[in-house]
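# Geometric and topological summary
Residue strings, one per chain:
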Amino acid sequence: MKIDLPPQYDPKSVEKPVYQRWLEARVFHAVARGEGDARQAFSIVIPPPNVTGALHLGHAINGTIQDILTRYHRMKGDNTLWMPGIDHAGIATQAVVEKTIFEKEKKSRHDLGREELVRRIWEWKEQFGTRILSQLQSIGASCDWDRTRFTLDDICARAVREAFFKMFKDGLIFRGKRLVNWDTHLQTAVADDEIYHETVQGQMTSIKYPVDGSPDEYLIVATTRPETMLGDTAVAVHPDDERYKHLHGKHVIVPLVGRRIPIITDGLLVDPSFGTGVVKVTPAHDPNDYATGVRHSLEQINLLTPDGKVNEKGSGVFLGKQYSYAGLKFASAARKAVLADLEALGLIADVKPHEHEVGHSDRSKTPIEPYLSDQWFVRMGDYSDGITLADGAKKSGLAQAAMDAVTDGRVKITPDRYAKGYLDWLGQKRDWCISRQLWWGHRIPVWMFVWRGPVATSPSDSQQVKLELPYLTAEQNKQVAVQVIRPGEKGGEILIGFAVRPGYPEIEKLLEQNGGQQDPDVLDTWFSSALWPISTMGWPESHATSETRPSGSVAAKSNPRADAAKTLPHGRVSESSHSGGIPPEPGLLETFYPTSVLSTARDILTLWVARMVMFGLYCKGDVPFRDVYVHAVIQDGEGRTMSKSKGNGVDPVDIINSHGADALRFTLAQMATETQDIRMPVVKDAKTGANTSPKFDIGRNFANKIWNASRFILSNIDDQIALRGNARPELEKTLALEDRWILSRLAATIHTVASSINAFHFSEVATALYAFFWTDLCDWYLEIAKARIRAGDSTVQSILLHCLETSLKLLHPVMPFITEELWSKLPNRTSLLVTAPWPAADPAAADPAAETQIAIIQSITSQIRDIQNTYSAARGKPVVLAPRNAATQQAIEQSRLVIESLTGSPIAQNAVDAPKPPDAAARVLPDVQIFIGGVIDKAAETAKLTKLRDQLLKHITGSRNKLGNEAFVAKAPVAVVRGLRDQLAKQEEEFAAIEKNLAELQS
């Protein structure tokens, strides 16, 4: 058969044209189930990468895993959807753009104003926002790019608004003044999960607090943050601490500010054995102190301005002198000034060096400050009246609903050890702070009013209000939910919040015309991401048009290209003006929700996965996915996290350029075991200077092997066989041993690959594919059948063509580019491999007898080759085989010609009692001894066999000890004990054979 394949595989010349073929054929596009469509649905949503992001190995391994699953199910004939998209990444994106503007123009966001800054961010998004999607395409991601979503597009914005309105109306969203983590650089709240901790060297300062009314008595308080004392509202001691019982109910004076504060008793906060047993309480600047303040109804004094400076409350009069720290940076200049003044007053009792953990914002990399502020929250804990999910089920709260979904098996987490972290985090039932003091994101759709009239709140936890506005119609009032945001004091003014259902811009205008002001904050990015599985598919089912677009979303107000068609990375023009993809058609949600599986990293099990489960249950009435696969994290060879700052990261794009996408994918799949982390040695490429890893050479070498073997097979197919196509030979007993064996191995590989993909054992998938193609097909079958191939045997040609075609199908989910290219070179191939049917394992092909016999051939051949490689004089010399029993002798005899052809040495004798030739090199297998005479150095061989005998003796002793342990034998499974006894019997026979060989060497 004439073939058109270059002698070398060049990924760069193959990958882009192949991907373009897929795009032009629209093979990635899924459709909602139509009438009579009985196909099983498989769907997966991409964890949306940040719009600021570039491809890294975490994206690459997760993208590879998702693509393996997607391609496998597409080939199985399932109606398959892989939904792509990107996240607007509120804090990260705004920070990047603000930094760029300041560097170029020396302007802050406040200089530009909200509208202009958001316009600039949209411009940046249009220029750089799809970079990572293009990079995902370069690794072969077979997403339905027509459906690309963006968390700020019209479709997703409507879902966010609807979910917010529903939760606000049900009292699950509320506003309150609480202690939050504050990023003073970005001037916004951040979540607990968006903080990392670093150990810093500081000091523990012991400060004297004068006891009120007792001039010579002090309470000594130790702290690492002396500046926070300006906001102290109590000091606490343990109620059982005898040292301080005489001070219960008394007061101390806070140095520098002169505030008189109570001495309280609190057994939860204070450990009497630690330090002096006295703890300062600053409710507005420490989480533990905040909880203590709530328990004791203490005043909360916020000392901070949003940019991290001391405000006017950081002042006071102490011992007749005015002290003020207003305007100083809180944790730096103010700390130094406070310490200096305390030192001057003689109120520092002790100073000691002290290492402690300091929280830092993951976005700005600056220290976090606890900060008391008004924020919006989602109520996670149990609700007084319970909550009703979309399917009508009653649950005590959102967190409990998400916990139940895992404990009752509706959502399965693999590996299952990660379920504990998920459940533990949800079990805390901490309310979720969802407001961010940013301008880029989904603006909170609540309009505030200072209300002077009477209102009647409901008795529920949510302070719901039944209030109709006179300037709204009865129908319009139904689209508004009302809450008391801040109750007034003694009948005074109160703050009322009106949330508006999406799609009613006229109501929003009326609220603003009558004095309402929309909340300036935006929603936490994770709020919109939590809706990703349903928002991308069109929930709620009716969609906003350009006339009814929600006016409160950034997407609606601020997109500078609102009327321009958007070009997707692959060149297709979206049908939606700025949604990033075509609108979801009716039935899409019903067809593909719940999604089948989510693949993700462990670090967002709480941030994202748990919240998707909550929102899926609450909004749609079902879990968002049936399976969650948690992939391992890639580290460098020393076990360190890869990062640009450490210089130890590997850029997947560099690997694609140097090794090819298939090499990258195969290597990552092979490394995707169930271990917690993957270690990858990192080295510098001598030519490019880029970081790489020798691990990827495995994938490149395998791709080259596939190419070269395919070229060899196709060049040895006669035209008649080629025209007939892949007509697999009937499984007749007349087939040669090697034919029956390779077909049996192929059937076993089909089963292993499919079952391993279904079980998310991706390393086993890669291992099985490598073992079959490289070892079974290339190293053994082609070698054994070489003479038949040269002779033009039609049966072996048919088998080779069948094995190649089936191998390409099996390899395709892992290595799509090279397999698609080779598939196009097969005879009579007009369709694409990506849509070819997945091969079915034929039970009739299983041939255990053939596999056993070939295994004997392989072991004997390998040992003969080992002797030949060790002793050059052994090459071509006759071989003597001494099998263990007559059955083994017969099996060897049946394969005599194969062994001889593979080793180039004749078998001189094959008998149970075959004597060892003089000066013979020997290899001892469990079933046979192998000798090649006249090649041995007696002294060296004696040393080698003696070492082998001693090692074997240790194993024998261990086995004997186990079997001699009555407790072990009684408790161990029968099969284990039987296997150990069989193993011991073989070890003892092998030991006896070695002893015999040693005796012969010494004779």
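For the structure given in this document, a descriptive report is provided here. Each chain has its residues counted from 1, following the order in which its sequence is written. Given that the model is predicted, a residue must reach a pLDDT of at least 70 before its local features are reported, and side-chain atom pairs must reach 80 or more before they are shown or counted; all residues, however, enter totals for whole chains, interfaces and linings. Working from all heavy atoms in the structure, the side-chain values ignore hydrogens and water.

### Looking at unusual backbone geometry
The cut-off we apply is this: Secondary structure elements are taken from DSSP: a helix is a run of H or I of four residues or more, a strand is a run of E of two residues or more, and numbering for both begins at the N terminus.
With an omega of -5°, the peptide bond running from Thr414 to Pro415 counts as cis. By the secondary structure assignment, Pro415 is in the loop between strand S19 (412-414) and helix H11 (418-427). Following Trp539, the chain continues into Pro540 via a peptide bond in cis, with omega recorded as -10°. With respect to the helices, strands and loops of the structure, Pro540 is situated in the loop between helix H15 (532-535) and helix H16 (554-558). With phi around 65°, Lys365 is a residue other than glycine that occupies positive phi space.

### Concerning the packing of aromatic side chains
Threshold: Here a pair means two rings of Phe, Tyr or Trp (six-membered ring of Trp) with centres within 6.5 Å. Their orientation is stacked below 30 degrees between planes, edge-to-face above 60, and tilted elsewhere. Relative accessible area decides the class of each residue, using a 1.4 Å probe on protein chains only: under 20% of the type maximum gives buried, over 50% gives exposed, and in between gives partly exposed. Definition used: whenever NZ (Lys) or CZ (Arg) falls within 6 Å of the ring centre and also within 35 degrees of the ring normal, the charge is taken to sit over that ring.
The tally for this structure, following the rule as stated, stands at 29 aromatic pairs. Both rings, one in Phe168 and one in Trp376, keep their centres 6.2 Å apart while their planes meet at 45°; by these two values the pair is tilted. Taken together, the positions of Phe168 in helix H7 (residues 154-169) and Trp376 in strand S16 (residues 368-378) put the pair 208 residues apart, joining distant regions of the chain. When sorted by exposure, Phe168 lands in the same class as Trp376, which is buried. The rings of Phe164, Phe168, Trp376, Trp432, Phe527 and Phe615 are connected pair by pair, giving a single aromatic cluster. The positively charged end of Arg109 is found above the aromatic ring belonging to Trp439, 5.3 Å away from the centroid. Note that Arg178 overlies the ring of Phe377, its terminal NZ or CZ placed 4.9 Å from the centroid.

### A closer look at the sheet that holds strand S8 (residues 218-223)
Strand-to-strand pairing in sheets goes through backbone hydrogen bonds, with the strands running parallel or antiparallel. Which entries qualify depends on this criterion: A pair of strands is treated as paired once DSSP finds two or more bridges between them. Comment: axis = line fitted to C-alpha atoms, over the contacting stretch for helices; angle = value between 0 and 180 degrees taken between N-to-C directions.
Here 3 strands make up an open sheet; going across it, the order is S8-S7-S15 and the pairing antiparallel. Two strands bound the open sheet, and with one partner strand each, they are S8 and strand S15 (348-361). For this sheet, the mean angle separating the axes of adjacent strands, direction not counted, is 20°.

### So, the packing of helix H20 (residues 661-671) against helix H27 (residues 816-823)
The line we're drawing: For classification, angles of less than 35 degrees are called roughly parallel, those exceeding 145 degrees roughly antiparallel, those between 65 and 115 degrees roughly perpendicular, and all remaining angles oblique. Should any heavy atoms of two residues lie within 4.5 Å, those residues are counted as being in contact.
Running from N to C, H20 and H27 point in directions that differ by 125°, and their axes come no closer than 7 Å. In terms of orientation, H20 and H27 fall into the oblique class. Mapping the contact onto sequence places Ala661, Asp662 and Arg665 in H20 and Pro816, Phe817 and Ile818 in H27.

### Focus on the packing of helix H31 (residues 938-964) against helix H33 (residues 974-1002)
Our working rule: Left-handed describes a crossing whose near helix is turned anticlockwise from the far helix through less than a right angle; right-handed describes the clockwise counterpart. When residue character is reported, Ala, Val, Leu, Ile, Met, Phe, Trp, Tyr, Cys and Pro are called nonpolar, Asp, Glu, Lys and Arg charged, and the others, Gly included, polar.
Two elements in contact, H31 and H33, have axes separated by 9 Å at closest approach and are oriented at 155°. Classified by the angle their axes make, H31 and H33 are roughly antiparallel. Handedness of the crossing formed by H31 with H33: left-handed. Looking at the contact of H31 with H33, its residues break down into 13 nonpolar, 8 polar and 9 charged.

### Re the sheet that holds strand S12 (residues 278-281)
On the basis of which strands lie adjacent, the open sheet formed by 4 strands has the order S10-S11-S9-S12 and mixed pairing. Taken across any chain shown, the strands that pair with only one partner, and hence form the sheet edges, are strand S10 (251-253) and S12. Across the sheet, the mean angle from the axis of one strand to that of its neighbour is 30°, orientation sign disregarded. As judged from the 4 bridges shared by strand S9 (residues 234-237) and S12, these two strands associate in the antiparallel manner. Within S12, the position partnered with Val235 by the bridge is Lys280.

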